[in-house]
Amino acid sequence: MLEGRKSCPHQRREEESVAQGEGFRTNVRVQRGAESPDDVRGVRKSVAFLFGVALVYFLYLVFSGQWGEFVHALAGVSGGWVAVALLCYVAYYLLGVTAYAIACIGDKGSPLGIRDLMSVEATGVFFSNLSPNGTGGAPAQIVRLTRAGLSVGAAGALQYTRFIVYEAGEGVFAALMLIPRMGYFVQTYGNVFYVGALLFGAKILEVMALLLVCLLPNQVVAVGNWALRLLRRRGWLRRYDHWNRLVNEQVREFSNGFKTGARNLGLMVWTLVVTLVQLGCQYALPWVVLQAFGKEADFVTCVACGSMLELLTSAIPLPGGTGGAEGGFAYLFGGMFGAALPAGYVVWRSVEYVLPVLVAAPLMALRTNSGLSVHERWRRLLARRARRSGQR
């Protein structure tokens, strides 16, 4: 999961962090502006691919005769509701920063400041959206955390914990939405609903597998090694050394990182609550876009469909879930948008995907220069409140 990043000689600018507090800062040299050529090429390919998808969508509208309806629908969009949609995504982003901040307030040795966390969240948005299945997000965020002064171990602990809580949040949110809207899904989508139920089941299994890796690493390693030996004997496994290293090293690294980050159960519960609200802001976007086109729709139903749409999109191994996003949006919200569906999709995809990628790029450069960490700011806030309470 964690891969070494090579830097180009002409890009290398080294910065040595100072050893402070409980091993969170280490005497390691962190390279700024040192993205590997493979990373840059991967992002360029993803951007080119998405431009190609946009061109195909444009040509489809033109040659299918829907271009006139598309333009007409866009002309009637309410700018106020579009602004609300943008604010929903801003809230999603800020709640993501808040989730990281909650994990940092109890670590007095953590050097992370508010701007560092804003950069980490923006890095996740950028690389997750431009890599297949979002696989580029977590490694890029770990690199960004180390550049802020965390050791590799501490960065992995923070990021692994955040990753697991986010994945668990998606499963919990989907379950909470399916309970009140199960009848609607079965009645409206028939047997196709069971595809969504299968995706929901896969998400639950994914969360359970992650918890097993975190809580029972020795058993997982033993089973993994047995499976690797079996596959090698049958000649079904290539690159045995790679998979052996993955099982024996990274499983334990993942587990240790989670256990380190999960020492404070109360903060983890608060992080889960914030994550659920964050996901709600994202899943509510289709409902807000419907209001922008003057369409009446049930809020809870739209949020439930938004949750199912995200499960479908994340299952597609292409940047941004391309294919799953278009097909899922058309199937789940086609009846709600009617003739305005193509325009509705463009507005939703712009707010939920395109604009966040564009805005995240400059936000990744944010750095905390004040020297005040999140923990220090939190400590000072509590001290000020205590003084005010004492004066009354």
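Predicted model, so just to flag it, every value in this text is computed and none were measured.

1. Thoughts on the state of the cysteines
When the sulfur atoms of two cysteines share a covalent bond, that bond is a disulfide. All chains considered together, the criterion is met by 0 disulfides. Just so you know, Cys281 is unpaired, no disulfide at all, and the nearest cysteine sulfur is the one on Cys88, 5.8 Å from it.

2. Some details on the pattern of salt bridges
Tallied over the entire structure, the rule returns 5 salt bridges. When the shortest N-O distance is used, the salt bridge between Asp116 and Arg144 registers 3.0 Å. Taken together, the residues Asp116 in helix α4 (residues 114–129) and Arg144 in helix α5 (residues 137–147) connect sequence positions 28 residues apart. Residue Arg144 is classed as buried on the basis of its relative accessible area, which comes to 3%. The partner of Glu376 in a salt bridge is Arg380, and the shortest N-O contact between them spans 3.1 Å. Taken as a pair, Glu376 and Arg380 lie in helix α15 (residues 374–391) at a separation of 4 residues, close to a single helical turn. One salt-bridge network, in which partners are shared between bridges, spans Glu376, Arg379 and Arg380.

3. Considering the environment of Gly136
Topologically, Gly136 is positioned in the loop between α4 and α5. In this structure, the C-alpha to C-alpha distance between Gly136 and Gly124, residues 12 residues apart in sequence, is 8.0 Å. Not counting chain neighbours up to four residues away, the residues in contact with Gly136 comprise Phe127 and Ser131.

4. Description of a nonpolar patch on the surface
On the surface, a cluster of nonpolar side chains totalling about 670 Å² of accessible area is made up of Leu55, Phe58, Leu59, Val62, Phe63, Trp67 and Val71. Among the elements of the structure, α1 (37–63) and α2 (67–75) are those that each provide at least two residues to the nonpolar patch. Among the elements that make up the nonpolar patch, the one with the highest residue count is α1 (5 residues). Secondary-structure assignment places Val62 in helix α1.

5. So, the side chain of Asn129
Checked against the element boundaries, Asn129 lands in helix α4. Only 3.1 Å separates the side chain of Asn129 from the backbone oxygen of Val125, close enough to count as a polar contact. Non-local contacts of Asn129, meaning those with residues more than four positions away in its chain, are made with Gly124, Pro319, Gly320, Tyr353 and Val357.

6. Concerning the nonpolar core
Core analysis: the largest hydrophobic core is formed by 95 residues, its most contacted members being Phe293 and Phe333. If one sorts the elements of this core by residue count, helix α6 (residues 152–189) sits on top with 13 residues. With residues up to four places along the chain from it excluded, the contact list for Phe293 reads Ala73, Leu74, Val77, Phe337, Ala340, Ala343, Gly344 and Val347.

7. Quick word on a positive patch on the surface
On the surface, Arg229, Arg232, Arg233 and Arg234 cluster together to form a positively charged patch. Tracing the backbone shows Arg233 in helix α8 (residues 217–233).

8. Observations concerning the packing of α4 against helix α14 (residues 341–363)
Closest axis-to-axis distance for the α4/α14 pair is 8 Å, and the angle between their directions is 135°. Taken together, the axes of α4 and α14 are oblique relative to one another. Remark: the crossing between α4 and α14 carries left-handed chirality. Across the interface between the two elements, Ser119, Ala122, Val125, Phe126 and Asn129 of α4 pack against Tyr353, Pro356, Val357, Ala360, Ala361 and Leu363 of α14. Among the residues making up the contact of α4 with α14, the classes are represented as 9 nonpolar, 2 polar and no charged.

Parameters at a glance
- Residues numbered from 1 in each chain as written.
- Predicted model: local features only at pLDDT ≥ 70, side-chain atom pairs only at ≥ 80, totals over all residues.
- Heavy atoms only, no water.
- Disulfide = S-S within 2.5 Å.
- Salt bridge = Lys/Arg side-chain N within 4 Å of Asp/Glu carboxyl O.
- Helix = DSSP H or I, 4+ residues; strand = E, 2+ residues; numbered from the N terminus.
- Buried < 20%, exposed > 50% of the residue type's maximum accessible area, 1.4 Å probe, protein only.
- Contact = heavy atoms within 4.5 Å.
- Patch = residues over 30% accessible without salt bridge, like charges linked within 9 Å, V, L, I, M, F, W, Y side chains within 5 Å.
- Areas by Shrake-Rupley, 256 points an atom, 1.4 Å probe, with all protein chains shown as cover.
- Polar contact = N/O pair within 3.5 Å; in protein donor to acceptor, adjacent residues only side chain to side chain.
- Core = buried A, V, L, I, M, F, W, Y, C linked by side-chain atoms within 4.5 Å.
- Lys, Arg positive; Asp, Glu negative; His and termini not counted.
- Charge placed at Lys NZ, Arg CZ, Asp CG, Glu CD.
- Axes fitted to C-alpha atoms, helices over the stretch in contact; angles between N-to-C directions.
- Parallel < 35°, antiparallel > 145°, perpendicular 65-115°, else oblique.
- Left-handed = near helix turned anticlockwise from the far one by under 90°.
- Nonpolar A, V, L, I, M, F, W, Y, C, P; charged D, E, K, R; others polar.

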